[in-house]
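Inside the fold
Residues per chain are reported as follows:
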Amino acid sequence: VGAFDALMQGFATAATPINLLWSLVGVTLGTLIGLLPGIGPALTIALLLPVTRKLDPTGAFIMFAGLYYGAMYGSSTTSILLNTPGESGSIVTALEGNKMARKGRGAAALATAAIGSFVAGTLGTLALTLLAPIFVKFALLFGPAEYFALMVLAFTTVTSVLGASKLRGAVTLLLGLALGLAGTDILTGQPRLVFGLPSMLRGIDIVVVAVGLFAVGEALFMASRRDLRSAEVLPIKGSLFMTREEWSRSWKPWLRGTAIGFPFGALPAGGTEIPTFLSYFTEKKLAKNPEEFGHGAIEGVAGPEAANNAAVAGVLVPLLTLGLPTSATAAILLAAFEQYNLQPGPQLFQNSGDLVWGLIASLYIGNVMLLVLNLPLAGVWVRLLSIPQSLLYAGILIFSTLGVYSLSNSIFDLVLLWIVGLIGFLMRRYDYPVAPAIIGLILGPLAEAQFRRALTISQGDPSVFVTHPLSLILLLAAFCVVVGPVAFNRLNTYLAR
Amino acid sequence: VTTQISRAGLLIGLGLLIISAVIGYDAVMMEVPKVHAKVGPRVFPVLVAAGLGIVGVMTLITVNRKDFPVAEGDTDWRAFGIMAAGLFVHLNLLKPLGFIPAGLALFMAVSFALGSRKYLRDGIIGFLLVSAAYFGFTQFLGLQLPAGILQGIL
């Protein structure tokens, strides 16, 4: 079946009333949590995992994907009107967007963000549609050794590009891997890091870690920082219909943002943060009047907002075709696949074509819904921004503890949540990135399984990882990611002398 | 580069070494049947323990070189303590008192820690939210939440 036929089949799945409803629920919830600081797509999907266990997986994934897209739309509104980003992918949007709002051009900023998100989301989904079948063919070449090597590459890139330093990225990745070890070893039944506690035998649930690091850690951090508490919500001023000049200044940044965002999303680099920064600096460099940057340049909103939506589409390529999460939210989505006993990769496209193509088709539909939800209804959403932060975080923690407790009605999980929450606070306080920990936790057990499978097939001969050409290439790439920048610096200082 | 040796950095480095030692000890103490000896459950924990040991030592080295930058900004440890304590009290009260009273206590503690002093407003909103969550999740989603002291009344 060609991609086009498959996609048409997908539209038939996505356009059923029940799946349209799931899509609407997803994009609405996504806009909401994108808008609210302190709660993001990774945390929300983690909290929804226990509740969606009995749902039809197609509907659940349509909702999750809509939520991920929607969060990128909603967060721009918060950046522009509140000057604090709703999500990390909209940090740079605040730079120019809030300045625009202060100058009475808030409506234009919201419009270029929403339309740019729509353009990028649609083009990104189109790229996903075209690339997925190619990636699936490529994935067929992968055996256990290659999968292991790919995960090693993901571990190295994710630690190298996120956070204040490589060392800090490596610390949180290893902590994530360590948390993933706890529990009963699947292959041998050997208890690991259980410390004689029966509750530890089933391991540490991903929901506990995600909620601990994102919700509890974030709330504790907000409590510790008095200076982050007060923020002023600006009213939407101006017309939501962009002027001819605003259109002509926006469309190129949208396309460039899409071109930057999509590939970066597909790389294991943590999702949306890096491409939005890159897009911002690209626009600043290419702008006809760069002196306007820092005082409300519309290009600085249009580019990054397109980039973060395109990045989300990019994230889905390796996630669906290889089972490789490249951002924290993607890691949680991988856990959702595990919950339904689905294995992303070629088999998923073969055995659950309805689900995958229904999911991809729903993204086109969801993007249209999001444009409608975010542009004419912007004024309605803005009222949510006046919820006091104290009540917002109190509510988030009520639902967080409820979600974790309901996993298995155990107080022990709440104790774990408390401990992980304190670790999450320390990570924020001392500038350690959170995403590597989540990716390590979810990818660690999978990497170990592939590692042991590869060695079992080779009867214990570790050379499989370097004699398979594809595996060797991936491991060399991982090596270059770690050593490359250091060697490059040395060379530079040597040449400068 | 800071002028002083960072105490936080020192503690983080030492903490990583302790975690590394715990994981290493756990791996060594495993009784693994001979069939699994080569690619058994021990290999990965040993690798993770070694990795944590290395980053722990590297953290201590950067701290010693006074090269451990920490974000400035004054930390409100009191508010942090109130919220952390609130969460701890909540998990201890959940079973004996029940979901609604414990949740209300958590709600109040969190909003107090974040600077809200409108007790009546917070109390009413908190009570409504916690009750709605309790009934929504027990009646419609079939979850079991502890009723506690309100057993029989609810």
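A brief structural summary. Just so it is clear, the structure is predicted and the values come from calculations on it, not from any experiment.

What chain B contains, in helices and strands, is five helices and zero strands. Traced from its N-terminal end to its C-terminal end, chain B shows the element sequence α-α-α-α-α. For chain B, the C-alpha radius of gyration of 24 Å lies well beyond 15 Å, the compact-globule estimate for 154 residues. With the principal axes as the frame, chain B shows a C-alpha extent of 60 × 55 × 20 Å. By residue count, 42% of the 154 residues in chain B fall in the buried class. Long-range pairs, those at least 24 residues apart, make up 63% of the contacts in chain B between residues at least 6 apart in sequence. Accessible area of chain B: about 8600 Å², with a carbon and sulfur share of 69%.

Let's shift gears to the interface of chain A and chain B. Size of an interface: often given as the accessible area lost when the parts come together. Contacts between the two partners involve 61 residues from chain A and, on the opposite side, 66 residues from chain B. Taken over both partners, the interface formed by chain A and chain B buries close to 5500 Å², and the fraction arising from carbon and sulfur atoms is 77%. The interface formed by chain A and chain B contains one salt bridge. Between A:Arg226 and B:Asp76 there is a salt bridge, and its shortest N-O distance comes to 3.2 Å. Linking chain A to chain B there are seven residue pairs in polar contact (both at pLDDT 80 or more). If you list the elements that add at least two residues to the side of chain A that touches chain B, you get α8 (166-181), β2 (191-192), α9 (206-224), α17 (389-408), α18 (411-429) and α19 (435-457) of chain A. Broken down by element, the residue count for the side of chain A that touches chain B peaks at 13 residues, all from α17(A). Within the side of chain A that touches chain B, the residues separate by chemical class into 39 nonpolar, 13 polar and nine charged.

What the rule picks out here adds up to four cavities of 30 Å³ or more. By volume, the largest cavity is sized at about 80 Å³. Around the largest cavity, the lining residues are A:Leu35, A:Tyr73, A:Ser76, A:Thr77, A:Leu110, A:Ala113, A:Ala114, A:Asn374, A:Ala378 and A:Trp381. At the level of elements, α4 (57-82), α6 (106-139) and α16 (378-382) of chain A are the ones that each hand at least two residues to the lining of the largest cavity. Along the lines of polarity and charge, the residues of the lining of the largest cavity split into seven nonpolar, three polar and no charged. Empty space within the second largest cavity amounts to approximately 50 Å³. Along the walls of the second largest cavity sit A:Val216, A:Thr401, A:Leu414, A:Leu417, A:Trp418, B:Leu87, B:His90 and B:Leu91, which together make up its complete lining.

All right, on to the packing of aromatic side chains then. Note on aromatic pairs: each is described by the distance of the centres and the angle between the planes. All chains considered together, the criterion is met by 22 aromatic pairs over all chains. With centroids separated by 5.7 Å and ring planes inclined at 85°, the aromatic side chains of A:Trp247 and A:Trp254 adopt a geometry described as edge-to-face. Overall, the relative accessible area of 39% leaves A:Trp247 in the partly exposed class. Between B:Trp77 and B:Phe80, the ring centres sit 5.4 Å apart and the planes meet at 90°, which makes this aromatic pair edge-to-face. Separated by three residues within a single helix, B:Trp77 and B:Phe80 lie in helix α3 (residues 77-97), roughly one turn from each other. Relative accessible area serves as the criterion here: at 45%, B:Trp77 is assigned to the partly exposed category. The ring of A:Tyr432 has A:Arg168 lying over it, and the distance from NZ or CZ to the ring centre is 5.4 Å. In this structure, A:Arg168 is placed above the aromatic ring of B:Phe68, and the distance from its NZ or CZ to the ring centre is 4.3 Å.

The next thing to look at is helix α12 (residues 299-322) of chain A. Residue and element names in this part refer to chain A. Spanning 24 residues, α12 covers 35 Å between terminal C-alpha atoms, matching the ideal 34 Å at 1.5 Å per step. Of all 24 residues making up α12, 24 are buried, and the element is well covered by its neighbours. Just past α12, the residue Gly 323 takes up positive phi, approximately 70°.

About the criteria used
Counting from 1, residues in each chain are numbered in the order their sequence is written. Labels are handed out in written order, letters beginning with A for the chains and numbers beginning with 1 for the ligands. For this predicted model, a pLDDT threshold of at least 70 governs which residues receive local features, and a threshold of 80 or more governs which side-chain atom pairs are given and counted, while totals over whole chains, interfaces and linings are taken from all residues. Neither water nor hydrogens contribute to the side-chain values; these are computed over all heavy atoms in the structure. For helices the rule is a DSSP run of H or I covering at least 4 residues; for strands it is a run of E covering at least 2, with both sets numbered from the N terminus onward. Radius of gyration here is computed from C-alpha atoms only, and the compact-globule reference equals 2.2 Å multiplied by the residue count raised to the power 0.38. Summary of the burial criterion: residues with accessible area below 20% of their type's maximum are buried, those above 50% are exposed, and those between are partly exposed, where the area comes from a 1.4 Å probe applied to protein chains only. Pairs of residues are marked as contacts when any of their non-hydrogen atoms sit within 4.5 Å. To measure how exposed things are, a 1.4 Å probe is used in the Shrake-Rupley method; for residues, cover is taken only from the protein chains shown. Summed over both partners, buried area is the accessible surface (1.4 Å probe) that two parts give up on being assembled. The salt bridge criterion pairs a side-chain nitrogen of Lys or Arg with a carboxyl oxygen of Asp or Glu, the two atoms within 4 Å. Any pair of nitrogen or oxygen atoms within 3.5 Å is treated as a polar contact; in protein, a donor-acceptor pairing is required on top of that, and neighbouring residues in sequence qualify only through side-chain atoms on both sides. Side-chain classes follow a simple rule in which Ala, Val, Leu, Ile, Met, Phe, Trp, Tyr, Cys and Pro form the nonpolar group, Asp, Glu, Lys and Arg form the charged group, and the remainder, Gly included, forms the polar group. In this analysis, the protein atoms alone were mapped onto a 1 Å grid. Cavities are point sets where a 1.4 Å probe fits without being able to get out; pockets are open sets with protein on both sides within 12 Å along at least five of seven lines; lining residues have an atom within 4 Å of a point. Grid points are joined across faces, edges and corners, and a volume is the space filled by probe spheres set on the points. What counts as a ring pair is set by centres within 6.5 Å for rings of Phe, Tyr and Trp (its six-membered ring), and what kind of pair is set by the plane angle: stacked under 30 degrees, edge-to-face over 60, tilted for all other angles. Each ring is checked for a lysine NZ or an arginine CZ that lies within 6 Å of its centre and within 35 degrees of its normal; such an atom marks a charge sitting over the ring. Multiplying 1.5 Å by the residue count of a helix minus one yields the expected span of that helix.

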